[in-house]
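Remarks on the overall topology
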Amino acid sequence: CVRLLLVEDDLTKAGLGFTAKLWSVALLVAMRDNRVLVEVRMVKQGNATRSDGFERPRWCDRPPFTMQCLYQTWSHCPLPGPNATIVRPGGRPLNVARWRHDEPYLRTGLGRLHRQGVFWHGARSKATREAGRFLFRPRPWVTAIADCVMRGAGLRPGGFINLHIRHSVEKAMEGKRLHVELPRLPAYDVVADALARDLGTRKVYLQTASPEALARFASFAAANRLELAFTNNTRSENDAWGGWQGGSEMEQAAVAAVNAHVGAQSAVSVSPDLSIWTLFLG
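A few words on the side chain of Gln 252. Take Gln 252: it is sitting in helix H8 (residues 249–263). The residues touching Gln 252, leaving out its near neighbours within four places in the chain, are Thr 234, Ala 240 and Trp 241.

Given below as structure tokens:
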């Protein structure tokens, strides 16, 4: 606990999947420098401040106001005291090889790691996967809700298809910028029906933030005798999580954590390659 890497989640509007990927990289960076990774809240900059002096959290609106409201604590190490010297490495881009290795407390943001693409782009090593498995162990309240959802829908581990439909205005615009396209909605019908036949199950657990995608697939499921289950939560054709829409942080965070835990227990998951949520489910 005498060598900490203090990291802020400043990835405004990034989804949980992409945020998780950067946290996994942050843990490996900390370990490479013999440090303990600790998530810290962002201090509000400028004159206008919240009553507590911190930026609005992107995910958790309750203590500890970090990912640890959803996932088990990453470390028992306490935060540095008020008189501690905390160094924020400079330089563009962030150069880990040249930062002050002798300093006990370093502080940076996920955004700095994001801008250093060599750290995360294409990072799918065993170490990255294991870092993610450690960081994103759901808290008991998350698993309890997930278990309740599964019981209510009659879903048994290994006995259902997990179907993630990524469909939003913002994601479509991103696809145009990258010259790639999300699967059309009818494509999910074909894949779900084929997998149901191959696996011998009619149970499908649907993950989607899009009311259009939900209504459309629900109609298909009813017509083709698929047993459909999904969480009951607010949905929008516009992305709403991680800073897109103030006031929806906790609902979106809880739904994401529950969906991930349920999806991990499916026989197979279907999710578009363009979405980083696909990597998170893996």
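The next point concerns the sheet that holds strand E1 (residues 4–8). Strand pairing in a sheet is mediated by backbone hydrogen bonds. Such pairs are either parallel or antiparallel. The three strands are arranged E2-E1-E3 in an open sheet whose pairing can be described as parallel. The strands lining the two open edges of the sheet, one partner per strand, are strand E2 (36–40) and strand E3 (105–109). The sheet shows a mean angle of 25° between the axes of neighbouring strands, direction not considered. Inspection of the sheet shows E1 paired to E2 by five bridges, in the parallel sense. Of the residues in E2, the one forming a bridge with Leu 5 is Leu 37. Of the strands in this sheet, E1 and E2 are in contact with helix H1 (residues 16–32), which crosses E2 at around 135°.

Next up on the list: the packing of aromatic side chains. The final tally for this structure, using the stated rule, is seven aromatic pairs. Ring geometry for Trp 74 and Phe 136: centres 6.4 Å apart, planes at 75°, overall edge-to-face. Separated by 62 residues along the polypeptide, Trp 74 in the loop between E2 and E3 and Phe 136 in the loop between helix H3 (126–135) and helix H4 (140–153) bring together distant segments of the chain. Like Trp 74, the residue Phe 136 is buried in the burial classification. Ring centres of Phe 160 and Tyr 205 lie 6.5 Å apart, and the angle between their planes is 75°; this geometry places the pair in the edge-to-face category. Of this pair, Phe 160 sits in the loop between H4 and strand E4 (161–164) while Tyr 205 sits in strand E5 (residues 203–207), and the two are 45 residues apart along the sequence. As far as burial versus exposure is concerned, Phe 160 and Tyr 205 are alike and both buried.

Owing to its 3.6 residues per turn, the α-helix brings residues three or four apart onto one side. Under the 1.5 Å per step criterion, the end-to-end length of H1 is 24 Å for 17 residues, consistent within 8% with the ideal 24 Å. Within H1, 14 of the 17 residues are buried, leaving the element largely enclosed by the surrounding structure. Once H1 finishes, Asn 34 follows within two positions and takes phi at roughly 60°, a positive value.

What counts, and where the lines are drawn
Residues numbered from 1 in each chain as written. Predicted model: local features only at pLDDT ≥ 70, side-chain atom pairs only at ≥ 80, totals over all residues. Heavy atoms only, no water. Helix = DSSP H or I, 4+ residues; strand = E, 2+ residues; numbered from the N terminus. Contact = heavy atoms within 4.5 Å. Pairing = 2+ DSSP bridges. Axes fitted to C-alpha atoms, helices over the stretch in contact; angles between N-to-C directions. Phe/Tyr/Trp six-rings, centres within 6.5 Å; stacked < 30°, edge-to-face > 60°. Buried < 20%, exposed > 50% of the residue type's maximum accessible area, 1.4 Å probe, protein only. Expected span 1.5 Å × (residues − 1).

Functional significance is not addressed by these values, which are geometric in nature.
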